[in-house]
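# Secondary and tertiary structure notes
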Amino acid sequence: MKNTQEQNTDAVVTALLEDYRGGRDIDRMDFYAQPDREEVRDIVLKLLQICYPGYYRDRVYKSINEEHRVTVLIEDVIYHLRRQVAIALHYNESYAHVSEEDIARAGEEITLTFMRRIPDIRALLETDLQAAYEGDPAATGKEDIVLSYPGLKAISINRLAHELFLLHVPLIPRIMTEYAHSITGIDIHPGATIGRYFMIDHGTGVVVGETSVIGDHVKVYQGVTIGALSTRGGQNLRGIKRHPTIEDDVTIYAGASILGGMTVIGKGSVIGSNAFITSSIAAGTRVSIRNQELQLKKGDNFCVSRSELEQDEAWFYVI
Amino acid sequence: MKNTQEQNTDAVVTALLEDYRGGRDIDRMDFYAQPDREEVRDIVLKLLQICYPGYYRDRVYKSINEEHRVTVLIEDVIYHLRRQVAIALHYNESYAHVSEEDIARAGEEITLTFMRRIPDIRALLETDLQAAYEGDPAATGKEDIVLSYPGLKAISINRLAHELFLLHVPLIPRIMTEYAHSITGIDIHPGATIGRYFMIDHGTGVVVGETSVIGDHVKVYQGVTIGALSTRGGQNLRGIKRHPTIEDDVTIYAGASILGGMTVIGKGSVIGSNAFITSSIAAGTRVSIRNQELQLKKGDNFCVSRSELEQDEAWFYVI
Amino acid sequence: MKNTQEQNTDAVVTALLEDYRGGRDIDRMDFYAQPDREEVRDIVLKLLQICYPGYYRDRVYKSINEEHRVTVLIEDVIYHLRRQVAIALHYNESYAHVSEEDIARAGEEITLTFMRRIPDIRALLETDLQAAYEGDPAATGKEDIVLSYPGLKAISINRLAHELFLLHVPLIPRIMTEYAHSITGIDIHPGATIGRYFMIDHGTGVVVGETSVIGDHVKVYQGVTIGALSTRGGQNLRGIKRHPTIEDDVTIYAGASILGGMTVIGKGSVIGSNAFITSSIAAGTRVSIRNQELQLKKGDNFCVSRSELEQDEAWFYVI
């Protein structure tokens, strides 16, 4: 004979089990058929250790023999990643009629291909590390940047996720970049194409869209959007280039928005803080918004509006 | 006989214990009388599993019988939540003279009432999931959204917290939404009233105030503030409607601010990126800021300022 | 005889071990010679428990005797922090020729000096707690703020990190503030000098630079930058004052940017939302951007542009 408390709990359980039978998207129950975010997150942290072997101290494998340590780490990542990739491949239509055995084999091949690309990814990360150091007077050393800077962390995770994206792995790349977004406030889609020596400073609020193309030596500050123009197209726009192209040596200061798939920011241009750009800019151009007119008031007396323009353009740089 | 190290430590301890006797707010010592944030966080994660039974794979209960798994999960949440609610109720003045036994009973009743509302919450979450899918060309499927999108995560946690807010549970709803804020950059007060099919894209920097009222099919992008106008009232403003009303089918693009308790954005309106609105907008209006004048400079030669206005209004949509 | 799978893994391992021999910054292998971020994070959480003894319930030490509990906690922090500090001191050039034993002793002395300053830090945190409560109508009580508010959390961690910064401890202060940045979206450099009664509301996107000087009773809202003007100086600017001075009783509303090492915002000034300031403002001045001209369109009919100026200046406050 159940007591009231048990009966109340039973009633809630019964109501929810009934609710799950609604057949809606939210009711889907194949709960072992998706990548495991916790597992993907662990894999990301281990991949960062593999990319920065000296910086990411390993708390699990206490081995003092670094080669052995790295070996164990790589075997561990291959083992777990291939399983997650195989699970994710079920969401790729081209595997619709492939046997489980072949999907498992595909998962392993993709994982190995990905792991073989890590030296190329590391070559890019070395350039990002240099760019962050040279660009930030507050950086006391490279260790500071690898240990602390959200910009380098977001870029590192994005470069890893981008390779899996290029290998047509569903779901996992976005889980990786949204993990980076969650810890850094920097939202870079895994599809974005990014050149060498990429630097993001502070970074909170940065958005880089799926079809963006970014050249070498590009600097981006907090709150910058490299985004799309809405055409209310929604799902019809999948795959179309909706985001800008940023050529080499471009600097984009805080809060600027650059929008649209046809927009190209020419080589060496500098985009001032808060500028709102929706068409192409020629190479070597410095773009700034005309100075805000400020209204100054003391007590009840209006002062004449002040222009900050006389200060030349220094004002449009925000770091 | 203590050595120097022990003596130094003792001195620090003594100084701090002395410091705690200051009788300030920061010195309060009733440290078992508050909700436990870690526990609330665990409850939130379990509630998300209950809301999305197929998507949030359970790492603890390995049961393959889904009904049994969900049953255990619900019983677990009821057990832990009722304890946290009972602790929190001590901060609700109307329980000032209620016995511990009655507070415990109230904690259980509120928890059960909350759990009974989950099917209604899930009905809303299904609409949010649809809105996110239809609104985002980068979404490859519903799984992508449930597994990765910060917007849906923030909305889901907010809808759960809002029900506890409506049940007058102190502290816990805000702990829940600040947890969501911490992992998504989206700051929605648990008091906000939000309709069906709510979508937030990217989301970093979004702020939605306590007394906001948001209709159905509303879309919001990164950096949008639905906020209050300061009247320097501070605590005197508690309870007063300080935040806007957003009617159905409104879209608010990135960086726009809509402010004030008397401000109503009429049905179907579109608010352009970076617009700053402090009074009501009639239904069906498209609002954009007059185009920024951009100053373009190459080398030392000023170019004439360029207006982007000729591009019609496409420019004011940022996604 | 190894199977194909083992051979493939071996090949990846070999390629990566080879890649580590590149002698680049990213290849550095002295992986026990840096502070451990996980450990520093644990220390931060314990320091917050020590600063707010009644609010941060301790999940590890279940002691009901608060004095004993705090004693164990302090001893624990001293033990772990002195090890991390000693590791970090190797990155301070002035310890280049100091013996390991003396570095260990220095680590302990710095740690004890830091711990002795905690009562002074707590005195400041009490003022921040008061400021947050008085400034926010949505705050139902002090508990709400200590348990949930990201602003107070970021300020608390920053005040702790700032003391270690003043003691010339490398790396650790920035690891602490970037941890705060990661969970709050608020990026305050540990070098920033901040007065009493500092309040940050919402906070996502706030950036406060290394050489900023902030007075008493300053209020800052989401998206505010207190930053530098780029002079393309990069590393040459290290140590130079690059960030503004904000005098007492200044309020800076959402999205405003205040830039440059020579910029002083005078006592009691109010900086309106989205204002962009790069030169000094006299005391007692209310600064607002001239009202945006909004373009309203219904169907195909343009309406006359509306100015919001008639609404006086209320519009420039965003909270």
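Residues numbered from 1 in each chain as written. Chains lettered and ligands numbered in written order. Predicted model: local features only at pLDDT ≥ 70, side-chain atom pairs only at ≥ 80, totals over all residues. Heavy atoms only, no water.

### Overview of the overall build of chain A
Applicable threshold: Labels follow the DSSP assignment, with helices taken as runs of H or I lasting at least four residues and strands as runs of E lasting at least two, numbered in each case from the N terminus. Working definition: with a 1.4 Å probe on protein chains only, accessible area under 20% of the residue-type maximum means buried, over 50% means exposed, and in between means partly exposed. Contacts are assigned to residue pairs that have any heavy atoms within 4.5 Å of one another. Only the protein chains shown count as covering a residue, and every accessible area follows the Shrake-Rupley method with a 1.4 Å probe.
Scanning chain A for helices and strands turns up 8 helices and 17 strands. When each of the 319 residues of chain A is scored for burial, the buried share is 64%. Long-range contacts, defined here as pairs at least 24 residues apart, represent 48% of the contacts in chain A between residues at least 6 apart. A total of about 11,600 Å² of accessible surface is found on chain A, and carbon and sulfur atoms cover 52% of it.

### A word on the relation of the copies chain C and chain B
Put simply, the test is: Here the copies are matched by least squares. The fit uses the C-alpha atoms of residues with pLDDT of at least 70 in both.
At an RMSD of 0.0 Å, chain C and chain B line up after a rotation of 120 degrees and a shift of 0.0 Å along the axis. Considering both components of the superposition, the chain copies are consistent with a three-fold axis. Interface residue correspondence from chain C to chain B reaches only 5%, placing this contact among heterologous pairings that use different surfaces.

### Quick notes on the interface of chain C and chain B
The following threshold applies: Once two parts are put together, the accessible area they lose, assessed with a 1.4 Å probe and summed over both, is termed the buried area. Salt bridge, as used here, is a side-chain nitrogen of Lys or Arg placed within 4 Å of a carboxyl oxygen of Asp or Glu. Polar contacts here mean pairs of N or O atoms no more than 3.5 Å apart (in protein, one a potential hydrogen donor and the other a potential acceptor; neighbouring residues in sequence count only if both atoms are side-chain atoms).
Listed per partner, the contact involves 78 residues of chain C and 71 residues of chain B. At the boundary of chain C with chain B, total buried surface from both sides reaches about 6,700 Å², with 52% on carbon and sulfur atoms. Linking chain C to chain B there are 4 salt bridges. For the pair chain C and chain B, the number of links is 20 residue pairs in polar contact (both at pLDDT 80 or more).

### Describing the domain arrangement of chain A
All names here are of chain A. Going by this rule: An automatic or database domain assignment supplies the residue ranges for each domain. Charged residues are taken to be Asp, Glu, Lys and Arg, nonpolar residues to be Ala, Val, Leu, Ile, Met, Phe, Trp, Tyr, Cys and Pro, and polar residues to be all remaining types, Gly included.
Domains assigned within chain A are domain 1 (29-185) and domain 2 (192-319). Across the domain 1 to domain 2 interface the summed buried area is about 1,200 Å²; carbon plus sulfur atoms make up 57%. When residues of domain 1 are sorted by the area they lose upon contact with domain 2, Thr-127, Ile-155 and Gly-185 head the list and together hold 27% of the total. Our enumeration of links across domain 1 and domain 2 arrives at 0 salt bridges. In this assembly, domain 1 and domain 2 are joined by 6 residue pairs in polar contact (both at pLDDT 80 or more). If you list the elements that add at least two residues to the side of domain 1 that touches domain 2, you get helix H5 (118-135) and helix H7 (150-166). Here the side of domain 1 that touches domain 2 is composed, by residue class, of 6 nonpolar, 8 polar and 3 charged.

### Re the packing of aromatic side chains
What counts here: Two rings from Phe, Tyr or Trp (for Trp, the six-membered ring) form a pair when their centres are within 6.5 Å of each other. A pair whose planes differ by under 30 degrees is stacked, one over 60 is edge-to-face, and the rest are tilted. Lysine NZ or arginine CZ positioned within 6 Å of the ring centre and within 35 degrees of the ring normal marks a charge as sitting over the ring.
Enumeration over the complete set of coordinates arrives at 6 aromatic pairs over all chains. Residues Tyr-52 of chain B and Tyr-55 of chain B carry aromatic rings whose centres are separated by 6.4 Å and whose planes lie at 80 degrees to one another, so their mutual orientation is edge-to-face. Take Tyr-55 of chain B: its relative accessible area is 2%, and that puts it in the buried class. The cationic tip of Lys-142 of chain A hangs over the ring face of Tyr-133 of chain A; the distance from NZ or CZ to the ring centre is 4.7 Å.

### Looking at the sheet that holds strand S11 (residues 264-265) of chain A
By way of backbone hydrogen bonds, the strands of a sheet pair with one another, either parallel or antiparallel. All names here are of chain A. Inclusion rule: A pair of strands counts as paired when DSSP detects no fewer than two bridges linking them.
Pairing within the open sheet is parallel, and its 4 strands lie in the order S2-S5-S8-S11. This sheet does not close on itself; its edge strands, each paired only once, are strand S2 (193-194) and S11. Bridge analysis of strand S5 (residues 213-214) against strand S8 (residues 245-246) gives 2 bridges, and the strand direction is parallel. From the neighbouring strand, Ile-214 faces S8, where its bridge partner is Ile-246.

### Topic: the pattern of salt bridges
For side chains of opposite charge, pairing can occur when their charged atoms come near one another. Residue and element names in this part refer to chain B. Inspection of the entire model under this criterion finds 48 salt bridges over all chains. Among the ionic pairs, Arg-24 bridges to Asp-27, the shortest N-O distance being 2.8 Å. For Arg-24, a relative accessible area of 21% translates into the label partly exposed. Overall, the relative accessible area of 4% leaves Asp-27 in the buried class. With a shortest N-O distance of 2.7 Å, Asp-128 and Arg-159 are connected by a salt bridge.

### Regarding the interface of chain B and chain A
In this assembly, 78 residues from chain B lie in contact with 71 residues from chain A. Of the roughly 6,700 Å² buried between chain B and chain A, counting both surfaces, carbon and sulfur atoms make up 52%. Applying the counting criterion to the chain B and chain A interface returns 4 salt bridges. The shortest N-O distance in the salt bridge between Arg-28 of chain A and Glu-143 of chain B comes to 2.7 Å. In this assembly, chain B and chain A are joined by 20 residue pairs in polar contact (both at pLDDT 80 or more). Where the side of chain B that touches chain A is concerned, the elements lending two or more residues are helix H2 (37-51), helix H3 (66-89), helix H4 (100-116), helix H5 (118-135), helix H6 (142-148), helix H7 (150-166), helix H8 (172-184) and strand S15 (293-298) of chain B.

### Considerations on the confidence of the model for chain A
Residues and elements named next belong to chain A. Inclusion rule: You can read pLDDT as the predictor saying how much it trusts each residue, on a scale of 0 to 100.
Overall, the predicted model of chain A reaches an average pLDDT of 88, with 87% of residues at or above 70. Here residues 307-319 scores under 50 on pLDDT; set against residues more than four positions off or in separate chains, the count is 59 contacts. Note on the complex model: pTM 0.93, ipTM 0.90.

### Thoughts on the sheet that holds strand S5 (residues 213-214) of chain B
With parallel pairing, 4 strands are arranged side by side in an open sheet as S2-S5-S8-S11 (chain B). Taken across any chain shown, the strands that pair with only one partner, and hence form the sheet edges, are strand S2 (193-194) and strand S11 (264-265) of chain B.

### Brief notes about unusual backbone geometry
Notably, His-168 of chain A is not glycine yet its phi reads approximately 60 degrees, a positive angle. For His-168 of chain A, the position within the fold is in the loop between H7 and helix H8 (172-184).

### A few points about the side chain of Thr-211 of chain C
All names here are of chain C. Relative to the helices and strands, Thr-211 resides in the loop between strand S4 (207-208) and strand S5 (213-214). Residue Thr-211 is classed as buried on the basis of its relative accessible area of 15%. At 2.8 Å, the side chain of Thr-211 forms a polar contact with the backbone nitrogen of Arg-242. Among the polar contacts listed, one links the side chain of Thr-211 to the side chain of His-243, at a separation of 2.7 Å. With sequence-adjacent residues up to four places away left out, Thr-211 is seen in contact with Ile-240, Lys-241, Arg-242, His-243 and Pro-244.

### Some words on the environment of Gln-5 of chain C
Locating Gln-5 of chain C in the fold gives a position in helix H1 (residues 4-19). Residues Gln-5 of chain C and Gly-261 of chain C lie 256 residues apart in sequence; the distance between their C-alpha atoms is 59 Å. Excluding its chain neighbours within four sequence positions, the residues that come into contact with Gln-5 of chain C are Arg-82 and Glu-108 of chain A. A distance of 3.1 Å separates polar atoms of two side chains, one belonging to Gln-5 of chain C and the other to Glu-108 of chain A.

### Quick word on the packing of helix H5 (residues 118-135) of chain C against helix H7 (residues 150-166) of chain C
Residues and elements named next belong to chain C. Applied cut-off: Fitting a line to C-alpha atoms yields each axis, with helices limited to the stretch in contact; the angle taken between N-to-C directions then spans 0 to 180 degrees. Working definition: roughly parallel below 35 degrees, roughly antiparallel above 145 degrees, roughly perpendicular at 65 to 115 degrees, and oblique for all remaining angles. It is the rotation of the near helix from the far one that decides the hand of a crossing: anticlockwise by less than a right angle makes it left-handed, clockwise makes it right-handed.
Relative orientation of the contacting elements H5 and H7 amounts to 160 degrees, with a least axis distance of 10 Å. The orientation of H5 with respect to H7, classified from their angle, is roughly antiparallel. Every pair of crossing elements has a handedness; the one defined by H5 and H7 is right-handed. Along its contact with H5, which presents Ile-121, Leu-124, Leu-125, Asp-128 and Leu-129, the element H7 presents Leu-152, Ile-155, Ser-156, Arg-159, Leu-160 and Glu-163.

### Re the environment of Leu-125 of chain C
Residue and element names in this part refer to chain C. Along the chain, Leu-125 falls in helix H5. Residue classification places Leu-125 among the buried residues on the basis of a relative accessible area of 0%. The sequence separation of Leu-125 and Arg-159 amounts to 34 residues, and the corresponding C-alpha distance is 8.3 Å.

### Observations concerning the packing of helix H1 (residues 4-19) of chain B against helix H4 (residues 100-116) of chain C
Packed helix pairs are specified by the crossing angle of their axes together with the interaxial distance, meaning the distance between the axes. Direction vectors running N to C along H1 of chain B and H4 of chain C enclose 20 degrees, while the axes themselves pass 9 Å from each other. In terms of orientation, H1 of chain B and H4 of chain C fall into the roughly parallel class. Relative to H4 of chain C, the crossing made by H1 of chain B is left-handed. Taken together, the residues of H4 of chain C that come into contact with H1 of chain B (itself represented by Gln-5, Asn-8 and Val-12 of chain B) are Glu-108, Leu-112, Met-115 and Arg-116 of chain C. Residue composition of the contact of H1 of chain B with H4 of chain C, by class: 3 nonpolar, 2 polar and 2 charged.

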